Each structure stands twice: as structure tokens, then as C-alpha cells.
Amino acid sequence: MTRLAASWALGLAALGALGLAPAHAAAEPPDSGGATTVHIVDASAFSLPAANLPMTRLADFFAGNSFFTNAWVRAPASASARDGLGPLFNTNSCQSCHLKDGRGQPPAPGAELVSMLVRASVPARTAAERALERTAGAVPDPRYGDQIQNRAVEGVPPEAHAALTWQDVPGRFGDGTSYTLQRPSVQLAALAYGPLDPELRLSARVAPPLVGMGLLERIPEAAIAALADPDDRDGNGISGRTNQVWDAARAASALGRFGWKAGQPTLRQQVAAAFRGDLGITSSLFPEQPCTPVQSACAQAPSGGAPELADEVLDLVTFYAQTLGVPARRNPSTARPGEALFRALGCAGCHVERFVTGPAPDAQTALSLLADQEIHPYSDLLLHDMGEGLADGRPEFAADGREWRTPPLWGIGLVHAVSRHTRFLHDGRARNLEEAILWHGGEAEPARRAYTALQRSERDQLLFFLGTL
Amino acid sequence: MLCAALGAAPAPVQVAPGGSPELRERVTLHYARLAHAMYDDALRGALALQAAVERLLAAPSPDTLQAARRAWIDARRSYSQTEALRFGNSNVDLWEGNVNAWPIDEGFLDYVTGEYAYDVGNPHARENLVGSQHDLSPRALRVSHEMAGLEPNVATGYHAIEFLLWGQDLNRTPASAGERPSTDYIDGPGCTHGSCARRARYLLLTVRLLVDDLREMHADWREQQGEYWTEFRGLDARERLGRMLVGLGSMGGGELAGERMRAALLAHSQEDEQSCFSDTTHLDLFYNALGIQDLYLGRYTRRDGTLVEGPALSELVHSVDPELDRALRARLEATQARATAIVNAAESGEPFDRQIAAENATGTQRVQAMIDALAAQTESFAAVAARLVGP
């Protein structure tokens, strides 16, 4: 935290809070995150409050950060509201996986997962399960639930040891140069609750970065829906679809925006779902522990309250995630050739560059700093068939086993500075941005082919452009 | 200076919206002068701490340990006031993590017993720099600080020293703090918890690093010579005022009211308490708030009792909006009163970790009252920023 706020004040961001953010020279492209944009690009780049966050809201931001960062403990801990961890969990703080608000990564081969997790589900086989699928997105494994929790409090067996093994996947550029990608497969060992369902589908996911989440939440639904082209009527080979998911607070279907398959409609629900699934902490949105019928020790373990997470804390963490600033681009003018290639190859067909966020609704005036902003997330928030190579075979609401939500690219050039790694894609299989491009398939197959046909120098220009985002 | 400004009726002259350029110049340079005086005291406090630690290590006993702890509390009092210089001045912000990092996964540093909560994502949470074979040199401590990029791996600074002097606060009684025995520093027979010679070396190194760090910051603000003083002097007055006000607002409204108080109050947890080993968080809060008030009023009482005063931000605000100045001074005073109530309770046997306990209605109300006061003063600082700096 010390560093977080520290760096905030180092540059223009601080003056932004006073309304002093400088106007851009006309030649420069607009700021990635509109008025929220922060101009600090060191390891704290993803952790800074929006440049236009009023001074009077800093207390909420700082308090939210504290709950995002600090570790939760098992219940009952002497009168602490920071208890309630588990019984089953993947980690004990948000920051463990979203280190410095950045992205997670796969562990060394065979080592336990730390900043990633494994989702699990089975096909719907009964009417009841089909009904469940509509509100839960997928049918949980009857013994292990919808997520493999590889850690647990004392007295409760962790579900399994989860690790990854890797397989080489060779390929060749148009110029004859060869490359080798690597594909992970999930290995579950030490299964504590009996055999896995024979039809079980597993999907390994790294923690996504938090960049610009509040702004993505404010993109008007109509603007996203307008980009959807499920039947590819325009014949460009790209047929984005919206995910329709379950909004637990409204008990209604809603547009999915967050998560690798756009399975969550709001940031608040995303946060609450992560608290329950990843930390084992219940909230008013998700009041039940994810203990399955065979997990009796889980069901009988002490609770940290009903629910364990106070709404006030849920709201603070949500506010924190909403009001993180988006880092500014670096040297965008030198990246023009790569930017032109990005467009020419069709990347921008899904990685949509520009949106304008909606006006602040009356009930949300506290978040007016996110309203009416011209932003550059490089995502359409739609689902796309990404081909067999990336498929996890696990549906989530309307998303099928080959579909993934276009991940926003803003901040992608700062991943190494923030997280000290360059692992990309949902399971972190890509070891750099080029590998991430080479994994694209399905609707993105023509773009991938066009990339491999480029000269090395052109490929470098495109990668250089991505590095400035 | 301040009294003169307040006592005389405002002269009927036309002033610029942000105050006269001449006054803006004098007020901002006086702020730098106060900064230098504050770091001078923080350095003196750290030197006294170093002397007390040397006495402890030369002859470990309950008395020398107690004296070292008193020296830490005293050093911390001066340092805490300087925190009002954070969040606006880049030199302070880049440096602060080395001297004041918190919270700590204390198993990273030394032995731990009992229930020890740490981050699952921290592979070094049980590193035990003291009890392992890690190289102990000034450079090694610097390199180990925030190992693997993880902030809870605190190797240097006040809170590392605090843990080495007090140990974990296991709350054997409600009012108890950490109870590390002085025998943890006996080199030879009688050593408790092992690695006593290494622990002694570690403590000495980290205190010396703290002194080095404070020397650096002290030099940085030296009038006419310091690197940051020169940078600050080179800025126009609007930018200087911007840095001052962002700092005063962020420290009080964000760091203090948000992270250190509201989060702690909501969590009811000593893990959220800044000086949790020594149970002196109440003093941190009080002196943090005092530093903010001092910088606004342009006056600071030195460790030796002398008063440094000069052209105040308050005077500048008064010149453009007397009512705003009056309100902000009253709000700063209200914060002081509420901080004093927390200190008084702590000194009557109810440390901050008890005051934030869920079942302690009086204590939590007392803490909430200071949070509310900080929110009010921050609102005023935002208004001041709008008047003096922009938009």
C-alpha cells in the first residue's frame, strides 16, 4: 500500500485529482482510460487510483485496497471481521493471485497452482441440472463442485493437488522460421472426495488483471450488442456473441462482461463470486459455502459469520476495483506502423479500440468519474470461437467450449513491469505476446495466418505496438 | 506570522484568486523549511534509537530492552509527523517504502509462534532471515526487502525494528503488546529462540540503514543545497501548492482515515493495526494528524521544544477566503481533539487493537469520530486546492 499511494502522487495523476491533468498535444492519441488515466508506468501502474478520483473518496479507495491486499484468516478468529477463510479455498487474499492488481501465472511444471485455479463442471443431464445451468452457468461436479479448491482449513481435506504438465506444439512462420508453443493439461492428484465424474470438464484459468474494470462496466449495453454478429451477416468471418448470464442481485438474466468467458454481469458480483469460490468467504450475494454433499467436514467447519463478508466491505473492494486508473500509453507515436498492421490484419475486429462510457445514472453519482469517458480497451467484450487449440470444452452460460471473451489489451505492455512475467491467455500458456497471437484460431485464424506471413521486422512492429498499450 | 494575519482586519486590497504571488512564494518555501526541520528531528530520533540499540546489544537485559523500546517510540513520534509530506513529494514517496513498509509477514524476518496469518501467495512468508543462513549485510537486507516483489516481505524500516524489539503481539492479556524477551539477544548460553547473534546483527544493521535513509531525506530538503529542495524551488508556486495539498489531503483522507483507521475498524483486527507489535498505533495516528495540522499552520515544535514558524498555508488561504481558513483550522483542531481521546484511552490500558474490537461500542465510536473528523478536514483541503491551485 505504501508504494501504491506513493507512486500515485509522483506524476500527473496527483494533479488530476485537483483537475490539473494536462491536455494532450493534438498529435497524441487520447488517453486509454479517459480522465481516469494515470501516467505512472512502473510496478505500481495497475494499482493507482483513477487520476480523477476526488480527494474525498480516497478513504474508500484506500480501505478497499486494504481488504484487497491483506490476508483473510480462518474462522473463528478472535473477533476479527477478517475471518471466514475457507473451509475450502484456493488462496487467502485477492492480491495473492492479482499480484499488484496484475495477472496470475502458471506455476513451475508439477508445482501447486498459486495464482490460478481450475474450474470444473459436468454436462446437464436432468431437467433440474438444466435449470441450474441457467443461473449457475454450468453444472458443478457432484463431488467437487464448480471449482477445484486445492487448499483448506485444518481438519478439512483439500479437494485435490492441482498441477499442470506441458506438451510442445511446434509451428512455422511463413518465412520458414520454426517456433514451439506449449499446451498445458491439468493434473489432479490426491483426490480427497472420491472419483471424478466421467464426463467432468476442467478449465484452468489464471487471475486476470484488474485494469479498467470500472470503465468496462460503464460501456452501454447497446454499444456491445451492436457489435454482436452471431450469424456473421457481414461475412467477415467474425461472429461475436454476447454472453447472457445470471445477475444474482436482480435475479434476472443480464449481459456478461467479466471473466474469461464473460460469466459475470457486474463487478460487484465478480468480486463476491471470487470471495466465495476462491477464498471460501460468503456474502449477501452468495451466502452458501461451496461444500458438496460428500464434503461433510466442509459443511461442519466453523463459519466466520452469516454472511462472512459484510456488504460494506464487499462494496469497498468493488469500489477499489472500479476506481483503479488505467495506465497511459507510452510512446504511441512511434508505434504507428505496428498499429496500422494491427488494423490491417483484422485484430481490431474483436479487439475493438474505442468506446464511450455511458452517463452516470442518478443512483451512481458516486461513480460519475467513470461516466462519459472516451476509452480504448481493445475489446468488444463479446464471445468468439477461438478454435480447437484454445478450447477448454467447458461451457459457461451461452459460451460454448470453444468460445472466449475478447480480453482487453490496455495495460498489456506493462505486464512485465508489474508482474515480472509475460504469461498470457486464459491458462497462461503463452510465454510472450507473440505466442499469444500464435494461439489464436477459429474466428481469428485468418488474422493469425496473416501474422505468420509477415516479415520478422513487421511482426516486431506489431509486437512493439502492443507493448505501448 | 499567523497571529498577525488573523488579528488584523484584512486590508482592502485586491488579491489574485489564489493569493498574492509573493505570499504563495513565501508559504511554499516555508513548507520546505518545515520539512527539513521535521526530518532533522526524525534523524535525531533514529540516532538516539541506534545508541539505545547498541546499549541493548552490548548488555541485553530487560532494562536495556525497555530503553530501546522507549527510544523506538520516541523516534517514531518524530517520524510520524513527517508522513504529512508524503503523497505529493516524489522523493518521499519513492523512499518511504524502505523506512515504513507495513504490514509485515513477520515470519519472513524472524521466528513466529502460535497462529501466524500470512499470504498463501507469499513463498517467503516463513523465510526467517534471522534464523536461516541468509547473508546478513547492509546490501543483503536492501536486496531482501520486498523479496519477490511482495510488499509483506519487510526487511528494513521502523516496523522491522519494532518486530525485533517487541516480537509478536500474542495478546496474552488485553493490554499486552509483544513480549519478546531480552534474552533473544544474548550471544552464548542463555540465548532464547536461537540465532541470537544473528538477530543482534540484524537489528543493528537495520537500525543503521534507517539512520542512513533519514540522513538521505534530511539532506534532500536542505535549503539551497538539497536535491529535492532545488527541484521544489524550481517549480512554479502552483505546482508546489498542488504537491502540498495533494499530500495533506491524501495522508489524512486516504492513508489515515481509509487504510489505517476505517479498514482497521471494519476488520476489528490487530492485523490492521499499524504498530501492532508495540501497541503504539494510537501515537502514529496522533502524530500523523499533528503533522498535517503543523504544515497547514506553518509551525512545528521541535524535539528540543523550540518552535519553528513562518508564512503559513493558513495565512494564504485566509487571504483569499477567511471563512474557508477558519473552517479548516477548526476541523484540524477537532481532529486533534479526537486523536487525543484515542491516545488517552490507549494510555489508560485500552490499546488501539482493543478500541477497534467489535464488542467495544465506546471504543469504535471514538475511532469513528476521528475518521469523521479527518473526512471533514479533507473536504476542506479539497476546497483549498480548488481555490489555490485549480482548475
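Keep in mind that this is a model prediction, so the values were computed, not measured.

Trainee: Can you break down the pairing of strand E11 (residues 252-255) of chain A residue by residue, with the values?
Mentor: Residues in a regular strand project their side chains so that they alternate between the two faces of the sheet. In this structure, strand E10 (residues 244-247) of chain A lies alongside E11(A), joined through four bridges in antiparallel fashion. Along E11(A), the bridge assignment pairs A:Gln244 with A:Leu255.

Trainee: Give me unusual backbone geometry: which residues, what numbers.
Mentor: Residue A:Gly86 is joined to A:Pro87 through a cis peptide bond whose omega torsion reads 15°. Locating A:Pro87 in the fold gives a position in the loop between strand E2 (83-85) and strand E3 (88-89). Residue B:Trp102 is joined to B:Pro103 through a cis peptide bond whose omega torsion reads -5°. Here B:Pro103 is to be found in the loop between helix H4 (90-100) and helix H5 (138-144). At A:Ala251, a position not held by glycine, the phi torsion is positive, near 50°. Along the chain, the position of A:Ala251 falls in the loop between E10 and E11. Even without a glycine there, the phi angle at B:His193 is positive, about 65°. Mapped onto the secondary structure, B:His193 falls in the loop between helix H6 (158-166) and helix H7 (196-220).

Trainee: Summarise empty space enclosed by the protein; cite the residues concerned and give the values.
Mentor: Here the structure, examined in full by the defined rule, presents two cavities of 30 Å³ or more. Reported here for the largest cavity is a volume of approximately 330 Å³. What lines the largest cavity is a set of 22 residues, and nearest its centre among them are A:Asn70, B:Pro103, B:Ile104, B:Asp105 and B:Pro152. If you tally residues by element for the lining of the largest cavity, the top one is helix H3 (residues 58-69) of chain A, at three residues. Considered class by class, the residues forming the lining of the largest cavity number ten nonpolar, five polar and seven charged. Within this model, the second largest cavity holds a volume of roughly 50 Å³. Around the second largest cavity sit B:Trp72, B:Ile73, B:Arg76, B:Arg77, B:Ser80, B:Thr280, B:Leu283, B:Asp284 and B:Tyr287, which together line it. Those elements that place two or more of their residues in the lining of the second largest cavity are helix H3 (62-82) and helix H10 (281-297) of chain B. In terms of residue count, the dominant contributor to the lining of the second largest cavity is H3(B) (five residues).

Trainee: Mind laying out the nonpolar core, listing which residues take part and the relevant values?
Mentor: Residues and elements named next belong to chain B. Ranked by size, the top nonpolar core spans 201 residues in total, and within it Leu-49, Leu-165, Leu-313 and Leu-388 carry the most contacts. Per-element accounting of this core gives the leading share, 17 residues, to helix H2 (residues 21-58). Beyond its immediate chain neighbours, meaning those up to four positions away, Leu-49 contacts Ala-68, Ala-71, Trp-72, Ala-75, Ile-161, Leu-165, Val-207 and Leu-210. If you look at the next biggest cluster of nonpolar residues, it comprises 21 residues, including Leu-283, Ala-339, Ile-342 and Leu-374.

The rules behind these values
Residues numbered from 1 in each chain as written. Chains lettered and ligands numbered in written order. Predicted model: local features only at pLDDT ≥ 70, side-chain atom pairs only at ≥ 80, totals over all residues. Heavy atoms only, no water. Pairing = 2+ DSSP bridges. Helix = DSSP H or I, 4+ residues; strand = E, 2+ residues; numbered from the N terminus. 1 Å grid on protein atoms, 1.4 Å probe; cavity = no way out; pocket = protein on both sides within 12 Å on 5 of 7 lines; lining within 4 Å. Points joined across faces, edges and corners; volume = space filled by probe spheres on them. Nonpolar A, V, L, I, M, F, W, Y, C, P; charged D, E, K, R; others polar. Core = buried A, V, L, I, M, F, W, Y, C linked by side-chain atoms within 4.5 Å. Buried < 20%, exposed > 50% of the residue type's maximum accessible area, 1.4 Å probe, protein only. Contact = heavy atoms within 4.5 Å.

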